[in-house]
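# Structure at a glance
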Amino acid sequence: MEIDLDLLDYLCHKGVHHIEAAVRGHQHLPRTVVGVGTFLLDQDGYVDLLTAKQQATFDKFLQPLLFDVPCLGPTGTGDCRGDGRIEPELLLKGYRDDELLCGRCRQELD
């Protein structure tokens, strides 16, 4: 699994609110998750360099934000017109725009 470092950088800096939403209701602090993300950025995304605790944090909070992100459809109610997942190349734009939609659903809104 290759991490999109631009996407990870965005989530750890300008898009921290996405991490905050992911940890809400859990005992983890957003800054802990950001710390793991920052470590990964410093290590060029090499997940193998994570400690066991860092790996658990990555698996629980960062991985779901970086890979296999669900598209909720144009109305936000789960009515995706595509395959239900956002294409990796659209994730960064989706997070920046706060519009997590697959390509097909994006076309429908345009």
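Residues numbered from 1 in each chain as written. Predicted model: local features only at pLDDT ≥ 70, side-chain atom pairs only at ≥ 80, totals over all residues. Heavy atoms only, no water.

### Considerations on the overall build of the chain
Within the chain, the secondary structure is distributed over six helices and zero strands. Along its sequence from the N terminus, the chain presents helices and strands in the succession α-α-α-α-α-α. For the chain, whose C-alpha radius of gyration is 14 Å, the value lies close to the compact-globule estimate of 13 Å for 110 residues. With the C-alpha coordinates aligned to their principal axes, the bounding extent of the chain is approximately 40 × 30 × 20 Å. When each of the 110 residues of the chain is scored for burial, the buried share is 39%. For the chain, contacts bridging at least 24 residues in sequence account for 49% of all contacts bridging at least 6. Accessible surface computed for the chain: about 6600 Å², of which carbon and sulfur atoms make up 48%. (Helix = DSSP H or I, 4+ residues; strand = E, 2+ residues; numbered from the N terminus. Rg over C-alpha atoms; globule rule 2.2 N^0.38 Å. Buried < 20%, exposed > 50% of the residue type's maximum accessible area, 1.4 Å probe, protein only. Contact = heavy atoms within 4.5 Å. Areas by Shrake-Rupley, 256 points an atom, 1.4 Å probe, with all protein chains shown as cover.)

### A look at the nonpolar core
A general feature of soluble globular proteins is that nonpolar side chains tend to end up buried together. Judged by nonpolar contacts, the single largest core of 32 residues is most densely connected at Leu 8, Leu 11, Phe 58, Leu 62, Leu 66 and Tyr 95. Of all the secondary-structure elements, those providing two or more residues to this core are helix H1 (5-12), helix H2 (16-23), helix H3 (30-42), helix H4 (52-66) and helix H5 (88-97). Discounting residues that sit within four places of it in the chain, Leu 8 has contacts with Ile 3, Gly 37, Leu 40, Leu 41, Leu 62 and Leu 66. (Core = buried A, V, L, I, M, F, W, Y, C linked by side-chain atoms within 4.5 Å.)

### Section: the packing of H1 against H2
Put simply, H1 and H2 touch, their axes get as near as 6 Å, and they point 75° apart. Our classification of the angle between H1 and H2 gives roughly perpendicular. Facing Tyr 10, Leu 11 and Cys 12 of H1, the residues of H2 in contact are Val 16, His 17, His 18 and Ile 19. Residue composition of the contact of H1 with H2, grouped by class: five nonpolar, two polar and no charged. (Axes fitted to C-alpha atoms, helices over the stretch in contact; angles between N-to-C directions. Parallel < 35°, antiparallel > 145°, perpendicular 65-115°, else oblique. Nonpolar A, V, L, I, M, F, W, Y, C, P; charged D, E, K, R; others polar.)

### Considerations on H2
Val 16, His 18, Ile 19 and Val 23 are the residues of H2 that are buried. The arc that holds the buried residues of H2, viewed along the axis, is 155°, so those residues lie on one side. Structurally, H2 contributes buried residues whose contacts are with H1, H3, H4 and H5. At the C-terminal side of H2, Gly 25 shows a positive phi close to 90°. (Arc of directions from axis to C-beta.)

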